[in-house]
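Structural characterization, general
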Amino acid sequence: MANNMTDTIIKPDMTTLNHTEKSNAEPNGNAAGQSWFNRPIPGIKQQLTAPLTAVETEPSTKCSSCHSMITNTALIFNCYVCPHCDHHLPMSARERLNWLLDKVEGELGQQFTAKDPLSFVDSKPYPQRMTEAQDKTGESEALIVLYGKLRNLDVVTCAFDFRFMGGSMGSVVGDRFVEAAEKALADKVPLVCFAASGGARMQEGLLSLMQMARTAAAIERLRIAGVPYIVILTNPVYGGVTASLAMLGDIHLAEPKAMIGFAGKRVIEQTVRETLEEPFQRAEFLLEHGVVDEVVHRHQMIDTIYRLLAKLSCMPNVDA
């Protein structure tokens, strides 16, 4: 009797088990007895991504005015003018001169090298600063002098590179500018200067201040000989460069919104105890006060320089 009771309790009902397995398999969509490895696998949906823009794939520059990102290729073709807000971005000295001249025939002043007459040390020794500036810009000094053709005109050109220690004027800058003036004087061709500087170079002390007199004397020789000298004031021009070669031209042009002055705006505010609102020291402000002859957009700069030089050189059939 006990054995029969045990058999009754332990023996499973196979019919019930089969029915349970079938019912468990049906909700998953699998037939009874289907292997787990053979179950259907849902496909993977691919996420569609937008194609990358030129700004994301090419080297780009951020506009300091409207903060738009512009590809370097677009900037070069637009003369480093922002296509969104028309802000004039800085150009290197060599880029600017190559942009101006149709044909470069030679370079002047490469034989001059900077010395360390005062063994000057501030946070860094002067030779170390020079080496860092040369590595950064690929130039040996802050002034580049090229001569060549502007259309059908022979011309000597020079430009300051603000990236090189703020375009500061030391003895080598003075040497190169004087050589450019002597070349223009000897060949009786115009001299064009693009000024962009923070002033005289303090690491050379009195020697840098002497360049103000040297460059002024060279410009006076051009004036006496009747050789045209045109200055284009870019952003920014300050200090000893403003007090000498940048303000002694026959004609002074300026790029829009360029900062031009002797002492900086904050220094003047601290001295006079007044707040100087915009556009103080801007090119447009100096135009209103007679310091600058004309504010010229960069896209019209080459045509303007050519017309002025042609008129000063008495070339016929050139529109003013």
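Residues numbered from 1 in each chain as written. Predicted model: local features only at pLDDT ≥ 70, side-chain atom pairs only at ≥ 80, totals over all residues. Heavy atoms only, no water.

Some thoughts on the overall build of the protein
When its secondary structure is counted, the protein shows 12 helices and 9 strands. Considering the protein as a whole, with its 320 residues, one finds that 38% of them fall into the buried category. Partitioning the intrachain contacts of the protein with sequence separation of at least 6 by distance along the chain shows that 66% fall at a separation of at least 24. For the protein, the computed accessible surface area is about 18400 Å², with 56% contributed by carbon and sulfur atoms. (Helix = DSSP H or I, 4+ residues; strand = E, 2+ residues; numbered from the N terminus. Buried < 20%, exposed > 50% of the residue type's maximum accessible area, 1.4 Å probe, protein only. Contact = heavy atoms within 4.5 Å. Areas by Shrake-Rupley, 256 points an atom, 1.4 Å probe, with all protein chains shown as cover.)

Topic: the environment of Ser-208
As for its position among the elements, Ser-208 is in helix 8 (residues 206-225). On the basis of relative accessibility, which here comes to 1%, the residue Ser-208 falls in the buried class. The spacing of Ser-208 and Val-173 is 35 residues in sequence and 8.9 Å in space, taken between C-alpha atoms. Leaving out residues up to four positions away in the same chain, Ser-208 has contacts with Met-169, Gly-170, Ala-200 and Arg-201.

Things to note about the nonpolar core
Ranked by internal contacts, the top residues of the largest apolar core, which has 41 residues, are Phe-177, Leu-191, Tyr-229, Leu-233 and Leu-245. Elements represented by at least two residues in this core include exactly helix 6 (126-137), strand 4 (143-150), strand 5 (153-160), helix 7 (171-187), strand 6 (191-197), helix 8, strand 7 (229-237) and helix 11 (283-288). Counting residues per element, this core draws most heavily on helix 7, which supplies 7 residues. Beyond its immediate sequence surroundings of up to four residues, Tyr-229 is in contact with Phe-177, Leu-191, Cys-193, Ile-219, Leu-222, Leu-245, Leu-248, Gly-249, Asp-250 and Ile-251. Cys-82, Leu-97, Val-192 and Ile-302 belong to the second largest nonpolar core, which has 31 residues in total. (Core = buried A, V, L, I, M, F, W, Y, C linked by side-chain atoms within 4.5 Å.)

What about the pairing of strand 7?
A regular strand carries its side chains on alternate faces of the sheet. Along strand 7, 8 of the 9 residues are buried, which leaves the element largely enclosed by surrounding structure. Relative to strand 7, strand 6 runs parallel, the two sharing 6 bridges. Each bridged residue has a counterpart across the sheet, and for Ala-195 the counterpart in strand 7 is Leu-233. Relative to strand 8 (residues 251-254), strand 7 runs parallel, the two being bridged by 4 bridges. By the bridge assignment, Leu-233 is partnered in strand 8 with Ala-254. (Pairing = 2+ DSSP bridges.)

Details of the state of the cysteines
Applying the stated criterion across every chain, the model contains 0 disulfides. Free cysteine Cys-193: the closest other cysteine sulfur is in Cys-158, separated by 3.6 Å. (Disulfide = S-S within 2.5 Å.)

Some points on unusual backbone geometry
With an omega of -5°, the peptide bond between Asn-235 and Pro-236 qualifies as cis. Going from Glu-278 to Pro-279, the amide bond is cis rather than trans, its omega being 5°. Looking at where Pro-279 falls in the secondary structure, it is placed in the loop between helix 10 (265-272) and helix 11. Positive phi, close to 60°, is recorded for Arg-151, a residue that is not glycine. Taking relative accessible area as the criterion, Arg-151 reaches 41% and is therefore assigned partly exposed.

What about the packing of helix 7 against helix 8?
For the pair helix 7 and helix 8, the least separation of the axes is 9 Å and the interaxial angle reads 10°. Considering their axes alone, helix 7 and helix 8 lie roughly parallel with respect to each other. Contact residues: Ser-171, Gly-174, Asp-175, Phe-177, Val-178, Ala-181, Glu-182, Ala-184 and Leu-185 in helix 7; Gln-211, Arg-214, Thr-215, Ala-218, Ile-219, Arg-221, Leu-222 and Ala-225 in helix 8. Taken together, the residues of the contact of helix 7 with helix 8 break down into 9 nonpolar, 4 polar and 4 charged. (Axes fitted to C-alpha atoms, helices over the stretch in contact; angles between N-to-C directions. Parallel < 35°, antiparallel > 145°, perpendicular 65-115°, else oblique. Nonpolar A, V, L, I, M, F, W, Y, C, P; charged D, E, K, R; others polar.)

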